[in-house]
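So you can see what is in the structure, the chains are spelled out below.
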Amino acid sequence: MNRAIRRLGVAVLVMFFALLANVNYIQVVQAPGLNNRSGNTRVLLDEYARERGPIIVGQTQVAYSVKTDDDLVYLRRYRQPELYGHLTGFYSYIYGSRAIESAYNSILSGTDDRLFVRRIVDLVTNRPPKGGSVTLTIDPRVQQVAYDALEGKTGAAVAIEPSTGRILAMVSRPTYDPNKLSSHDRESIVDTWESLLKNPSNPMENRAVQHRYPPGSTFKLVTSAAALSSGEYTPETEVPAPAELDLPQTTATMNNWQGGLCDPSGPRITLQRALETSCNTSYAAIGMELGDDALREQAEAFGFGTQVLDELQTATSVFPEDPDEPQTALSSIGQFDVAATPLQMAMVTAAIANDGKLMKPYIVSELNGPDLQPLSTTDPEVFSQAVSPQVAEQLKQMMVGVVENGTGSPVSIDGVSVAGKTGTAQTTPERPPYAWFVAFAPADNPAVAVAVVVEKANVGRDEISGGKLAAPIAKAVIEAVIGA
């Protein structure tokens, strides 16, 4: 009997300690994650009782809070909601939060550890608690120009300051109004949410960072970088440029978009001319010669395969793991399984503009407390040395040639040297190609690098190309930055 009682006592003691450990684990270890979990209604209702801090662009509070007579006390509002909705995100007591509203919730809600002293002062002085503010890097004028230029199209545009990584503009269209998800009308919120989810154009997706596209011929910049970095090529190296290239291991061939030779001079042209004419057969041959490992290594130096932006939920750009020779040929021209976000291709362009040094992109410039005292300021950070300064200079001159003598002429600006590259990425026979353009300017002292992709536009299939659709958008953004 005593033995049985002892066993029962030990079992009860073990369960007691297990319960105690589990309670402590939940309250100490899991507490931050549970508190910050999207849709945690108790925490959200508690946060609604205090004034949430603003999200600022330029001198404007694009997200702010107003007091109401509701039980929720404060209502989140957004200025120019469709212009900034993908950046601010929304703040909903039903569906949680997204984008900056989510990433910097602790600052905006006033619960961040850095605001602990402020909370104590508020408690002692009986002052209503408030959240801190988040200031974005976005230039409002450049953002508006990019947004207007994409009107009537499905796509995205990103502009970066090459020397710092500061994001000057990030636009995705179609877009949505976060005010409708941040209201206090439950029925209206649910109806809006369901309508947005059913919308085939997926307006809540930030195509600039969340959608991966085949980059098409803009990826020839990466292939060019790998070729020049190998030491086996210079811009003046002659490369094959046949009208048709046999792909090994298959009966398939690769053709040029021109429908014949890339250049009237014949089936061999310089690497410089191959980029200017966006010669598919040249770059496929170069890619197979270099091999997939060299291409992948170069792509990763530009940021492929890495989470490149901390502040927003982003997709990772990819280069295929183990392509065979024909697949490597296709990958060399940005097809097969190569996939990149517009932000990623803006980073490739920015690195070339910045003497080969890739700066880590960022979209939040500073965080401040409710009393406007700074909590942190973002300092520029080097992501990688993607190519050497010598290779970057060669690529820069090749890209200037694309604009002055090749497919990139639509982005020409009087009195300004512009470096650029077109891209037209094939997808499936059922849908039109994607139109790309990447550029930076001024070429001799770059102030901006830009990437534009047009996924869909109200034009005929024959009118879809990087030069016709995406280049005018890139040009407008560049002019907004440099004041041309």
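These notes cover the structure that comes with them. Quick caveat: nothing in here was measured; it's all calculated off a predicted structure. (Residues numbered from 1 in each chain as written. Predicted model: local features only at pLDDT ≥ 70, side-chain atom pairs only at ≥ 80, totals over all residues. Heavy atoms only, no water.)

**A few points about the packing of helix α13 (residues 280–290) against helix α15 (residues 325–332)**
Close contact between α13 and α15 brings their axes to 8 Å; oriented N to C, the two are set at 125 degrees. By the angle class used here, α13 and α15 are oblique. Classified by chirality, the crossing of α15 by α13 is right-handed. Every residue of α15 that contacts α13 at Tyr283, Ala284, Gly287 and Met288 is listed here: Glu325, Thr328, Ala329 and Ser332. (Axes fitted to C-alpha atoms, helices over the stretch in contact; angles between N-to-C directions. Helix = DSSP H or I, 4+ residues; strand = E, 2+ residues; numbered from the N terminus. Parallel < 35°, antiparallel > 145°, perpendicular 65-115°, else oblique. Left-handed = near helix turned anticlockwise from the far one by under 90°. Contact = heavy atoms within 4.5 Å.)

**Describing helix α4 (residues 81–88)**
With seven of eight residues buried, α4 lies mostly within the body of the structure. Of the residues making up α4, those classed as buried are Pro81, Leu83, Tyr84, Gly85, His86, Leu87 and Thr88. Backbone geometry just downstream of α4 places Gly89 in the positive-phi region, at approximately 75 degrees. (Buried < 20%, exposed > 50% of the residue type's maximum accessible area, 1.4 Å probe, protein only.)

**Points about the sheet that holds strand β6 (residues 133–136)**
Read across the open sheet, the six strands follow the order β3-β2-β1-β6-β14-β15; overall the sheet is mixed. At either end of the open sheet lies a strand with only one pairing partner, and these are β3 (74–78) and β15 (374–377). Strand-to-strand twist in this sheet, taken as the mean axis angle between neighbours without regard to direction, amounts to 25 degrees. Relative to strand β14 (residues 364–368), β6 is paired through four bridges, and the arrangement is antiparallel. Each bridged residue has a counterpart across the sheet, and for Leu136 the counterpart in β14 is Val364. (Pairing = 2+ DSSP bridges.)

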